[in-house]
Each structure stands twice: as structure tokens, then as C-alpha cells.
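# Commentary on secondary and tertiary structure
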Amino acid sequence: KIKVWNYTQRRCLFNLLGHLDYIRTVQFHTEYPWILSASDDQTIRIWNWQSRQCLSVLTGHNHYVMCAQFHPKEDLVLSASLDQTVRVWDVGGLRKKTVSIAEDYAHGGGGHGGAGMGMGGPGGMNNAQNDLFGASDVLVKHVLEGHTRGVNWASFHRTTNLIVSGADDREVKVWRMNDMKAWEVDTMRGHLSNVSCVMFHQKRELIISNSEDKTIRVWDMNKSTNPLVLRREHDRYWVLDTHPTLNLIAAGHDSGLMVFKLFRERPPFDAQSG
């Protein structure tokens with residue numbers, strides 16, 4: 001089940017049903033009324049949370065899909081799977097089919113509320129439902145092959161055509177893509193166990209990864225060696241996130257959650273202060 005909650009009321013509003021196995025990750029789209037989910041049933045699904053319908057089922061992976069995420073600006077979805085691949089999906093067709101109707105309504109004076117009605121209305125939704133298993137709405141743009149074990153995580157760079165991935169082969173790989181192809185540009189080695197999560201720093205040329213080897217590693221993208229290593233004694237790390245604007249990083253481990261800063265915002269002391 002995917003549960004959608006109102007956190008101020010502290011209650012579940014509704015469930016989204018359709019996946020046939022454990023769900024690994026879920027994410028809201030920043031603009032469209034979409035939810036993205038990745039599952040052990042080897043599919044990724046895109047849902048409309050206003051109409052509470054499944055818009056598309058993305059098939060192609062042949063093992064558990066460990067994570068999926070929307071691109072911050074483009075009509076792309078990124079997924080990582082234990083089938084040793086990372087996939088980039090083009091969801092532009094799905095957006096045109098389901099969101100443009102709402103935008104037309106909104107531009108006609110419907111505003112944000114009108115957009116909601118348009119997206120849930122019969123025009124686009126039923127078309128998407130009719131093509132639920134026809135791959136015309138969502139196309140595979142790139143399949144990234146290079147990891148030798150299952151891939152646990154992949155992340156888009158916010159402003160460049162870069163992707164970073166981490167896998168059970170203990171490696172962190174950086175990939176570059178354009179409209180025609182995608183290719184590997186760097187591999188970072190040093191983790192001693194499965195890499196569970198990896199992402200780009202929001203503002204600096206850094207990659208942050210964590211692992212079941214009980215470390216977080218911070219890699220300089222221009223050097224890719226000698227990372228800063230943050231270590232725990234007893235707990236494996238599983239998941240990371242970075243704050244969109246503040247210098248904060250959160251990491252989840254076996255027994256809890258830690259939030260930390262990589263850099264000081266101010267110098268250690270100020271000679272001018274009285």
C-alpha cells in the first residue's frame with residue numbers, strides 16, 4: 001500500500017493499491033499531482049493523487065526496483081534495480097496526455113483548483129487508463145549498464161546532465177547523458193560493503209554516499225579519491241537526503257537518524273567581534 005497522509009491532522013487520507021510486492025520508495029512530483037513509486041514487483045508506477053488513479057506502469061526491470069525519482073526540472077524518471085541497471089524514462093508523453101488538459105483549463109481561468117479538476121476529469125485520465133499497459137506514454141530513454149551487482153540507488157544532478165549510482169559491487173558510478181545516449185564517466189571505489197544510497201551535494205561539486213560498511217563518504221567530483229569518511233561503530237547506513245536550501249544532510253542508520261553539516265557557515269572565530 002501507498003498511504004497518503006495529512007500530517008497536520010495526523011491521519012491517513014487514502015491508500016493507493018496496485019503494487020504486488022514491497023514498495024521501496026515513493027516521491028511527490030514538485031509540480032504535477034503525481035506520486036512515483038518503486039517496488040519489488042519489478043515495476044515503477046506513476047499515480048495521480050487527486051483522482052487516486054494509477055496513470056502508468058513502467059515495466060522493463062527484471063528484478064526488484066530499489067528506488068525511483070523524478071528529475072527536478074525535466075520530464076524524466078530515474079530508477080535503480082537489482083538487475084544491475086539504472087534506467088532513465090521519458091514521461092513527457094504522459095505529461096502531455098494528462099497534465100496539458102489541466103493547464104488548458106487553468107489558463108482559461110480555472111486557476112490551481114481548476115487544474116485539479118482538469119487532471120482528474122474524464123478527458124486525460126481515461127486515455128491514460130486505456131493505455132495503462134501500452135508503453136506509448138512512457139519510454140525508456142537510457143539503460144545504464146556497468147555495475148556488476150544489484151544497484152540500490154541512483155540520483156539526478158539538479159542542474160547538469162549527470163547521474164550518480166551506488167550498488168552492491170561497492171562502487172559509486174557517475175554517468176553523463178544527452179538526448180541520444182548515456183555513458184559512464186567515473187567510478188569511485190572505497191566502500192567495503194554494499195552502497196545503499198548516493199546523491200549529489202546541492203551546491204558543491206561533491207557526491208555523498210553511504211553504505212552497509214557503517215560509513216558515509218564525501219567525494220570530491222574533481223578528484224574522486226581520498227573521500228572524507230564519517231564512521232559509526234555499530235550501525236549500517238541505509239538512506240540519505242540533503243536539504244534543498246540549507247547546509248544540512250540527513251542519514252538513516254540501523255538505530256536512528258543523524259543530521260549534520262559538512263561545512264561551517266561562519267569562520268571558527270571573528271577577530272572583529274568584541
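So, a few notes on the structure that sits alongside this text. (Residues numbered from 1 in each chain as written. Predicted model: local features only at pLDDT ≥ 70, side-chain atom pairs only at ≥ 80, totals over all residues. Heavy atoms only, no water.)

### Looking at the overall build of the chain
In terms of helices and strands, the chain carries 3 helices and 21 strands. Here the chain holds 274 residues, and 48% of them are scored as buried. Counting only contacts in the chain whose residues sit at least 6 apart along the sequence, the fraction spanning at least 24 positions is 44%. Looking at the chain as shown, the accessible area adds up to about 14500 Å², and 49% of this sits on carbon and sulfur atoms. (Helix = DSSP H or I, 4+ residues; strand = E, 2+ residues; numbered from the N terminus. Buried < 20%, exposed > 50% of the residue type's maximum accessible area, 1.4 Å probe, protein only. Contact = heavy atoms within 4.5 Å. Areas by Shrake-Rupley, 256 points an atom, 1.4 Å probe, with all protein chains shown as cover.)

### Notes on the pattern of salt bridges
Evaluated as defined, the whole model comprises 10 salt bridges. A salt bridge links Lys173 to Glu184; its shortest N-O distance comes to 3.0 Å. Taken together, the residues span a long stretch of sequence, with Lys173 in strand S13 (residues 171–177) and Glu184 in strand S14 (residues 182–189) at a distance of 11 residues. A salt bridge links Asp213 to Arg217; the nearest nitrogen and oxygen atoms lie 3.8 Å apart. Since its relative accessible area comes to 13%, Asp213 is described here as buried. Look at the salt bridges and you will find they share partners, linking Glu171, Lys173, Glu184 and Arg189 into a network. (Salt bridge = Lys/Arg side-chain N within 4 Å of Asp/Glu carboxyl O.)

### Topic: the sheet that holds strand S5 (residues 44–48)
Here we have 4 strands laid out as an open sheet, ordered S3-S4-S5-S6, and antiparallel in their pairing. Pairing within the sheet leaves two strands with one partner each, and these edge strands are strand S3 (23–28) and strand S6 (53–58). Each strand of the sheet is rotated relative to its neighbour by a mean of 20 degrees, with strand direction disregarded. (Pairing = 2+ DSSP bridges. Axes fitted to C-alpha atoms, helices over the stretch in contact; angles between N-to-C directions.)

### Brief notes about the sheet that holds strand S20 (residues 249–253)
Strands sit in the order S19-S20-S21 across an open sheet of 3 strands; the sheet is antiparallel. Edge positions in the sheet fall to strand S19 (237–242) and strand S21 (256–260), since each has one partner strand and no second. Neighbouring strand axes in the sheet, compared pairwise and without regard to direction, differ in orientation by 20 degrees on average. Direction of pairing for S19 relative to S20: antiparallel, over a ladder of 5 bridges. Among the inter-strand pairings, Val239 is bridged to a residue of S20, identified as Gly252.

### Thoughts on the state of the cysteines
By the definition in use, this model includes 0 disulfides. The thiol sulfur of Cys197 is not disulfide-bonded, and the nearest other cysteine sulfur, from Cys67, lies at 7.5 Å. (Disulfide = S-S within 2.5 Å.)

### Here we look at the packing of aromatic side chains
The full count for this structure, using the stated rule, is 2 aromatic pairs. A cation sits over an aromatic face here: Lys181 above Trp183, 5.2 Å from the ring centre. (Phe/Tyr/Trp six-rings, centres within 6.5 Å; stacked < 30°, edge-to-face > 60°. Lys NZ or Arg CZ within 6 Å of the ring centre and 35° of its normal.)

Shape is all these values report; function is a separate question.
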